[in-house]
Amino acid sequence: MHRSIRAVCTFILIACAVVCLGVGLSVPLYAHHIQKGATTALPVTTSSAKARALYEKGMVDYENLYLERSNDDWRAAVKEDPNLALAWAWIAFNGSNPEEVSGARAKANELAPKTSPGEQLMVAWIVKVQEGDFIGGIESMNDMLEMYPRDKHLLYLAGNWLMGENGNDQAQRFFEKALAIDKNFPAALNDLAYAYARNRQFAEAFAAMDRYVAVLPKEPNPQDSYGELKRMAGDFDGALQHYRAALRLDPDFVTSQVGLGDTYALMGNQEQARIEYDKAIRFAHNEADRLSYSMQKAMTYVRDGNYVEADREYEEIAATAHAKERGLQEAKAYRQLAEYQADDNVALKDLKLAEDALHHQATISALDRDEEMSRILRNRVVRAARAGNQTLAAQSLAQLQAMADGSRNRVIQSSCQGAAGELLMQQKKYEEAIAHLEEDEGNPFTMELLVQAYYHTLDTEKLHEVEAKLRGTNVPTMEQALVVPAMRAKRPNL
């Protein structure tokens, strides 16, 4: 039996709509069946007072965004007590070396039965999410929070993770709960400000940030965060001032050095951006960061329209990542290389290299592999359709839909929605496309399509709303680089 390409695409799009729409991370916050813990805070099972102190120092460093330092703390903790399951779990959660992360995750899982019920839930949350059981991981996280509803640190950690998974509204509720317990809890103030900024509530964001700076005036991260929020709001000079203030407090706070590069890139000063990125690359704390900062530098050539040099940079980064067995970074380099290619068939070849890179090391977590694969597939669906290869487009969307089936991972869901919406736009099915694209509205590619879809459906109010949001998008991503500057230069050719 033969099914036409159009019929296959239509079937898959319908399936994607059923799977993707309205799923997100919308599981109940608490299931109300877990017995409360005997203490307010989550206990830490260890026989060593020194190991406990090192673990707790690591959590403080993590909250203050000294991410590599926190890993060092936890590594030292497990040297003092190799049975400290939570330290192994957080090495896995925060690590950048896939072999170390894989080994730490296995160790935490092995030791968890010897710990308290709350610790077992924390380990299960981290392990299940990294191993691809997203629903099970969220359930474990929620049970942990139900067991210790007054532990402000747990509320922050859960909210912080949710923000990384684009669960902003739910994350904001966690931060508000933490601040109801301690109104001056620095970590929650920081992330609450980001939650406001992502919703473009900048007055509220800056008010929370002022409180954060006041609580930790000698720490660099409040200044670093203020710089990022200023940049998001379009105040580039203010952003530069705050990043420099952070570096005066701690010259080794490399994220602020990267922030200078990102800000200059968004300002259009690519030469200065490259100077700042070079400093960040030189002082990066680990190989994964070094490769990521190199990709930010490579993007400046895309912003300059120097695609020959951009190709050279990205290909060199991919080769370095391959040689250093950093398959995830290799995949990201090839995927970004594909995103700006003018020739769809060249882009498809780069996307195949990106997919292959995800399978070079077995130690890449299922979470990282699946999320990056969803981005690769999203791009493949669009490029294949544009190249006239409807079979590949349909097959890729079917694969993406299968990944989204039953998953509450917002990255995968967004990839599914964006791909389905773009195909419908190519078919000029604007009303149907809008239903998908509105579920992925934070992506500049998607916002650009929404502007067109609202134009064709005569919804001028939403058109102007999304167009204004797109013009005001100041994030240092490839999608922003390819869409927003052109949008600002002239109105889109609708």
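Note that the structure is a prediction, hence the values are computed from the model and not measured.

A tally of helices and strands in the protein chain yields 26 helices and zero strands. In summary, the protein chain has a C-alpha radius of gyration of 23 Å against a globular reference of 23 Å for 494 residues, a match within 12%. Counting all 494 residues of the protein chain, 57% fall into the buried class. Summarising the internal contacts of the protein chain: among those between residues at least 6 apart in sequence, 59% fall at separations of at least 24. Within the structure as shown, the protein chain displays about 20,800 Å² of accessible surface, and the carbon and sulfur contribution to it stands at 50%. Averaging the coordinates of the 55 positive side-chain charges in the protein chain and doing the same for the 70 negative ones gives two points 1 Å apart.

Attention now moves to the nonpolar core. Within the largest apolar cluster, 74 residues are counted, with the highest numbers of intra-cluster contacts made by Tyr55, Trp90, Met122, Trp125, Met141, Leu157 and Leu229. Broken down by element, the residue count for this core peaks at nine residues, all from helix H10 (residues 186-198). Excluding residues within four positions of it along the chain, Leu157 makes contact with Met59, Tyr62, Trp90, Met122 and Trp125. Core analysis: the next-biggest nonpolar cluster, separate from the first, contains 42 residues, Leu348, Ile376, Leu377 and Ala393 among them.

Throughout the structure, instances matching the rule amount to 16 aromatic pairs. Ring geometry for Tyr62 and Trp74: centres 6.2 Å apart, planes at 40 degrees, overall tilted. With a gap of 12 residues between them, Tyr62 in helix H2 (residues 49-63) and Trp74 in helix H3 (residues 67-80) connect regions that are remote in the sequence. Exposure remark for Tyr62: the relative accessible area of 6% places this residue in the buried category. Residue Trp74 is classed as buried on the basis of its relative accessible area of 0%. Judged by centre distance (6.0 Å) and plane angle (40 degrees), the ring pair of Tyr314 and Tyr340 falls under tilted. Of the two residues, Tyr314 is situated in helix H17 (residues 307-323) and Tyr340 in the loop between helix H18 (327-339) and helix H19 (344-357); the sequence distance between them amounts to 26 residues. Per residue, the accessibility class of Tyr314 equals that of Tyr340, and both read buried. An aromatic cluster is present here, built from Tyr62, Trp74, Trp90, Phe93, Trp125, Phe134 and Trp161 joined pairwise through their rings.

By volume, the second largest pocket amounts to about 260 Å³. Taken together, 13 residues make up the lining of the second largest pocket; nearest its centre are Leu42, Tyr55, Met59, Asp151 and His153. Considering each element in turn, the lining of the second largest pocket owes the most residues, five residues, to H2. Across the lining of the second largest pocket, the residue classes break down as nine nonpolar, one polar and three charged.

Another point: the pattern of salt bridges. Any two side chains of opposite charge can pair, so long as their charged atoms come close to each other. Overall, the coordinates contain 27 salt bridges when judged by the stated rule. The residue Arg383 makes a salt bridge to Asp344 at a minimum N-O spacing of 2.9 Å. One end of the pair, Arg383, is in helix H20 (residues 366-386); the other, Asp344, is in helix H19, with 39 residues separating them in the sequence. Accessibility expressed as a relative area gives 7% for Arg383, which makes it buried. On the basis of relative accessibility, which here comes to 16%, the residue Asp344 falls in the buried class. The residue Glu372 makes a salt bridge to Arg375 at a minimum N-O spacing of 3.2 Å. One end of the pair, Glu372, and the other, Arg375, are both in helix H20, three residues apart, so they sit about a helical turn from each other. Because the salt bridges share partners, they merge into one network encompassing Lys57, Asp61, Arg69 and Asp73.

Another point: the side chain of Arg335. Looking at the secondary structure, you find Arg335 in helix H18. Residue Arg335 is classed as buried on the basis of its relative accessible area, which comes to 8%. Every residue in contact with Arg335, bar those within four places of it in the chain, is listed here: Leu351, Ala354, Glu372, Arg375, Ile376, Asn379 and Glu479.

Moving on to the confidence of the model for the protein chain. Per-residue confidence for the protein chain averages 91 on the pLDDT scale, and 92% of its residues sit at or above 70. Predicted confidence is poor over residues 1-19, with pLDDT under 50, and the contacts of this stretch with residues over four places away or in other chains come to 29 contacts. In this model residues 21-31 is a low-confidence stretch, pLDDT under 50, and it forms 35 contacts with partners more than four residues away in sequence or in other chains.

Two quantities define a packed helix pair, namely the angle between the helix axes and the distance between the axes. Across the interface, H19 lies against H20 with an axial gap of 9 Å and an inter-helix angle of 160 degrees. It follows that H19 is roughly antiparallel to H20 by the angle criterion. Where H19 crosses over H20, the handedness of that crossing is left-handed. In this structure, H19 uses Asp344, Ala347, Leu348, Leu351, Lys352, Ala354 and Glu355 to contact H20, whose residues at the interface are Met373, Ile376, Asn379, Arg380, Arg383, Ala384 and Arg386. Residues that form the contact of H19 with H20 fall into these classes: seven nonpolar, one polar and six charged.

Further remarks concern the packing of helix H22 (residues 410-426) against helix H24 (residues 444-456). At a minimum axis separation of 11 Å, H22 and H24 run at an interaxial angle of 35 degrees. Crossing angle aside, the handedness with which H22 passes H24 is left-handed. Counted together, Gly418, Glu422 and Met425 of H22 and Phe445, Thr446, Leu449, Gln452 and Ala453 of H24 form the full contact between these two elements. The residue makeup of the contact of H22 with H24, split by class, is four nonpolar, three polar and one charged.

Cut-off values and rules
Every chain's residues receive numbers from 1 upward, in the order its sequence appears when written. Totals for whole chains, interfaces and linings use all residues, but because this is a predicted model, local features are given only for residues with pLDDT of at least 70 and pairs of side-chain atoms are given and counted only at 80 or more. Here the side-chain values reflect all heavy atoms present in the structure, with hydrogen atoms and water set aside. A run of DSSP states H or I qualifies as a helix once it reaches four residues; a run of E qualifies as a strand once it reaches two. Both are numbered from the N-terminal end. Radius of gyration: C-alpha atoms only; globule rule: 2.2 Å multiplied by the number of residues to the exponent 0.38. In this scheme, a residue with accessible area under 20% of its type's maximum is buried, one over 50% is exposed, and one in between is partly exposed, where area comes from a 1.4 Å probe on protein chains only. Any two residues whose heavy atoms approach within 4.5 Å at even a single point are treated as in contact. With residues, only the protein chains shown are counted as cover, and all accessible areas are computed by Shrake-Rupley using a 1.4 Å probe. Asp and Glu are treated as the negative residues and Lys and Arg as the positive ones, with His and the ends of the chain left uncounted. The atoms used to mark charge sites are NZ of Lys, CZ of Arg, CG of Asp and CD of Glu. As used here, the term nonpolar core means buried Ala, Val, Leu, Ile, Met, Phe, Trp, Tyr and Cys residues forming a set that is joined through side-chain atoms within 4.5 Å. By convention, a stacked pair of Phe, Tyr or Trp rings (six-membered ring in the case of Trp) has centres within 6.5 Å and planes under 30 degrees apart, an edge-to-face pair has planes over 60 apart, and any other such pair is tilted. In this analysis a 1.4 Å probe is tested at points of a 1 Å grid over the protein atoms alone, and where it fits but cannot get out there is a cavity; an open set with protein on both sides within 12 Å along at least five of seven lines is a pocket; lining residues have an atom within 4 Å of a point. Grid points are joined across faces, edges and corners, and a volume is the space filled by probe spheres set on the points. Gly counts as polar in this scheme, as do all residues outside two lists: the nonpolar Ala, Val, Leu, Ile, Met, Phe, Trp, Tyr, Cys and Pro, and the charged Asp, Glu, Lys and Arg. Just to be clear on terms, a salt bridge is a Lys or Arg side-chain nitrogen sitting within 4 Å of an Asp or Glu carboxyl oxygen. Residue-level confidence of the predictor is what pLDDT reports, using numbers from 0 through 100. A fitted line through C-alpha atoms represents every axis, and for helices the fit uses only the stretch in contact; the resulting angles, taken between N-to-C directions, go from 0 to 180 degrees. With respect to orientation, any angle under 35 degrees is reported as roughly parallel, any angle over 145 as roughly antiparallel, any angle of 65 to 115 as roughly perpendicular, and every other angle as oblique. For a crossing to be left-handed, the near helix must be turned anticlockwise from the far one by less than a right angle; the clockwise case is right-handed.

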